[in-house]
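Given next are the chains, with one letter for each unit.
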Amino acid sequence: MFLFCPRTCTSLAAARQCWKGLQQKLSLGDWEDIGDCLGVQVTRDRPNRTTSLSQAKAFNKLLQATGMADCSPADTPMVPGTALTKRDCPPESQPATDRDKQLNYRSVAASFINFCNWTRPDLCLATSKACRFMHNPGPPHHIALKRMLRYLSGTVDLGLVYKFNPDGSSRADKTGVWMMLDAAHADCPDTLRSTMAYVGFFDSCPICWQTKLHTLITLATNHSEYCAAAKAGREAKWLEKLFVFLGFGNFVLPIDMFSDSKGSIAMTYNPVNRAATKHIALADHYVRELQELGTVTVSWISTKQMIADLLTKPLGREDFERLRAWLVDKIKQIKNGD
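How each quantity is defined
- Residues numbered from 1 in each chain as written.
- Predicted model: local features only at pLDDT ≥ 70, side-chain atom pairs only at ≥ 80, totals over all residues.
- Heavy atoms only, no water.
- Helix = DSSP H or I, 4+ residues; strand = E, 2+ residues; numbered from the N terminus.
- Buried < 20%, exposed > 50% of the residue type's maximum accessible area, 1.4 Å probe, protein only.
- Contact = heavy atoms within 4.5 Å.
- Areas by Shrake-Rupley, 256 points an atom, 1.4 Å probe, with all protein chains shown as cover.
- Polar contact = N/O pair within 3.5 Å; in protein donor to acceptor, adjacent residues only side chain to side chain.
- Pairing = 2+ DSSP bridges.
- Arc of directions from axis to C-beta.
- Salt bridge = Lys/Arg side-chain N within 4 Å of Asp/Glu carboxyl O.
- Axes fitted to C-alpha atoms, helices over the stretch in contact; angles between N-to-C directions.
- Left-handed = near helix turned anticlockwise from the far one by under 90°.
- Nonpolar A, V, L, I, M, F, W, Y, C, P; charged D, E, K, R; others polar.

### Overview of the overall build of the protein chain
Now for step 1: Helix and strand counts for the protein chain stand at 10 helices and 10 strands.
Now for step 2: For the protein chain, buried positions account for 47% of its 338 residues.
Now for step 3: Residue pairs at least 24 apart in sequence account for 75% of intrachain contacts in the protein chain once pairs closer than 6 positions are excluded.
Now for step 4: As displayed, the protein chain offers around 16,500 Å² of accessible surface, 54% of which is attributable to carbon and sulfur atoms.

Spelled out as structure tokens, the structure:
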């Protein structure tokens, strides 16, 4: 998922001029305000310099279709400590009536994939875990999916709110492109693989995010975080290429990446091949090269400030809502216009 709005566009006229510049390199139509893009509603508040993206219509449609429109809302999409496993999947000889439940499960889970990819990064972890059992969900999996619907019913008005201030200040006191990354070591009870996640920002605005189960088993927490850094590094490299193409390369480089693992950061800056790291795959050393080339920097941040924690483990209400405030916000219903 990627969304881009140059901070240098300080007025509507400047935005139109930027669009004309992009037309010289890209096949774009004439400038016009977009009100709806593939089911995503775009709302602009020009006096306050904000752009909001919401899928409230799709949320309500799904809740109506599943009979959950009037349900009791949940505070979080997952219960803290939830561990979904294949052991809860029913046997292959299940009754035919359960097949209908499976089809409904897949349909609802697919809708959540759309939501978390476009406007709701707070749903990434729950969606990732639910989708691992689309082939044969059992009762605990259906309960977990119902919990996600209950959470959605209470957060229909949440979406992405992009705020661009003329003075360049941001909620994070951080300008340019920067990222946070995290990993939950061996949290999958079936494969013992680790969940990795990253979130990328332009100033305080989220522009890219992902939650993914690693393809290999990582042997330690530092190893998990190091692999997560490599994954985020590949996204950072793509962002570098994009911003250079758009003429903003000097503005965003280097891309600062933040981790709460001092051990993995030390591995990034120290090329010594110790016995504890010689088993790491070549691809996972990619972040070290990016750091040496000056494309990224990797710095430490406390776990309490780690926004990507929201995308790697089920959190309690207080921590979940505190970190969610960095990613999604309430959408104000404002008519589009100049």
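Continuing now.
### Digging into the side chain of Gln-55
Now for step 1: Tracing the backbone through its elements, the reader meets Gln-55 in the loop between β3 (50-54) and α2 (56-65).
Now for step 2: The exposure class assigned to Gln-55 is buried, which follows from its relative accessible area of 1%.
Now for step 3: At 2.7 Å, the side chain of Gln-55 forms a polar contact with the side chain of Asn-114.
Now for step 4: Within the structure, Gln-55 has its side chain in polar contact with the side chain of Thr-119 (distance 2.7 Å).

### Observations regarding the sheet that holds strand β4 (residues 158-163)
Now for step 1: Across the sheet, 5 strands lie side by side as β1-β2-β3-β4-β10; this open sheet has antiparallel pairing. Where the open sheet ends on each side, the last strands, each with one partner, are β1 (36-37) and β10 (329-330).
Now for step 2: Direction of pairing for strand β2 (residues 40-45) relative to β3: antiparallel, over a ladder of 5 bridges. Bridge pairing links Thr-43 to Ser-52 in β3.

### Focus: α2
Within an α-helix, residues lying three or four positions from one another point in the same direction, as the helix has 3.6 residues per turn.
Now for step 1: The complete set of buried residues in α2 reads Ala-56, Phe-59, Leu-62 and Leu-63. The buried residues of α2 occupy an angular sector of 125 degrees when projected down its axis, which confines them to one face. Of the exposed residues in α2, the ones pointing more than 90 degrees away from its buried face are Lys-57, Lys-61, Gln-64 and Ala-65.
Now for step 2: Note on α2: the residue one or two positions beyond its end, Gly-67, has a positive phi of about 70 degrees.

### A closer look at the pattern of salt bridges
Now for step 1: Taken as a whole and assessed by the stated rule, the structure comprises 9 salt bridges.
Now for step 2: For Arg-317, the salt bridge identified is with Asp-75, shortest N-O distance 3.7 Å. With Arg-317 in helix α10 (residues 317-324) and Asp-75 in the loop between α2 and α3 (97-118), the pair connects residues that are 242 residues apart, well separated along the chain.
Now for step 3: Classification of Arg-317 by relative accessible area gives partly exposed; the value is 48%.

### Details of the environment of Val-108
Now for step 1: By the element assignment, Val-108 lies in helix α3.
Now for step 2: Residue classification places Val-108 among the buried positions, given a relative accessible area of 2%.
Now for step 3: Expressed as a C-alpha distance, the spacing of Val-108 and Leu-62, which sit 46 residues apart in the sequence, is 7.7 Å.
Now for step 4: Once residues within four sequence positions are removed from consideration, Val-108 is found in contact with Leu-62, Thr-66, Leu-145 and Leu-149.

### Focus on the packing of helix α8 (residues 262-269) against helix α9 (residues 286-293)
Now for step 1: One way to put it is that α8 packs onto α9 with a least axis distance of 8 Å and a crossing angle of 60 degrees. As for the relative orientation of α8 and α9, their crossing is right-handed in sense. Facing Met-267, Thr-268 and Tyr-269 of α8, the residues of α9 in contact are Val-287, Arg-288 and Gln-291.
Now for step 2: Considering only residue class, the contact of α8 with α9 consists of 3 nonpolar, 2 polar and 1 charged.

### Re the sheet that holds strand β8 (residues 255-259)
Now for step 1: Spatial strand order, β7-β6-β5-β8-β9: 5 strands in an open sheet with mixed pairing. Only two strands of the sheet have a single partner each, and these edge strands are β7 (205-213) and β9 (296-300). Direction aside, the axes of adjacent strands within the sheet are offset by 20 degrees on average.
Now for step 2: Where α8 meets the sheet, its contacts fall on β8 and β9, and the angle it forms with β9 comes to roughly 150 degrees.

### Some details on the side chain of Thr-85
Now for step 1: In this structure, Thr-85 sits in the loop between α2 and α3.
Now for step 2: Here Thr-85 falls in the buried class, since its relative accessible area comes to 5%.

### Let's talk about the pairing of strand β5 (residues 177-184)
Now for step 1: Within β5, 8 of the 8 residues are buried, which leaves the element mostly enclosed by the surrounding structure.
Now for step 2: The side-chain alternation of β5 yields two buried faces, one formed by Val-177, Met-179, Leu-181 and Ala-183 and the other by Trp-178, Met-180, Asp-182 and Ala-184.
Now for step 3: Direction of pairing for β5 relative to strand β6 (residues 195-202): antiparallel, over a ladder of 8 bridges. Paired with Val-177 across the strands is Phe-202, a residue of β6.
Now for step 4: Both β5 and β8 contribute to a ladder of 3 bridges, which runs parallel. Looking at β8, one finds that Met-179 is bridged to Met-257.

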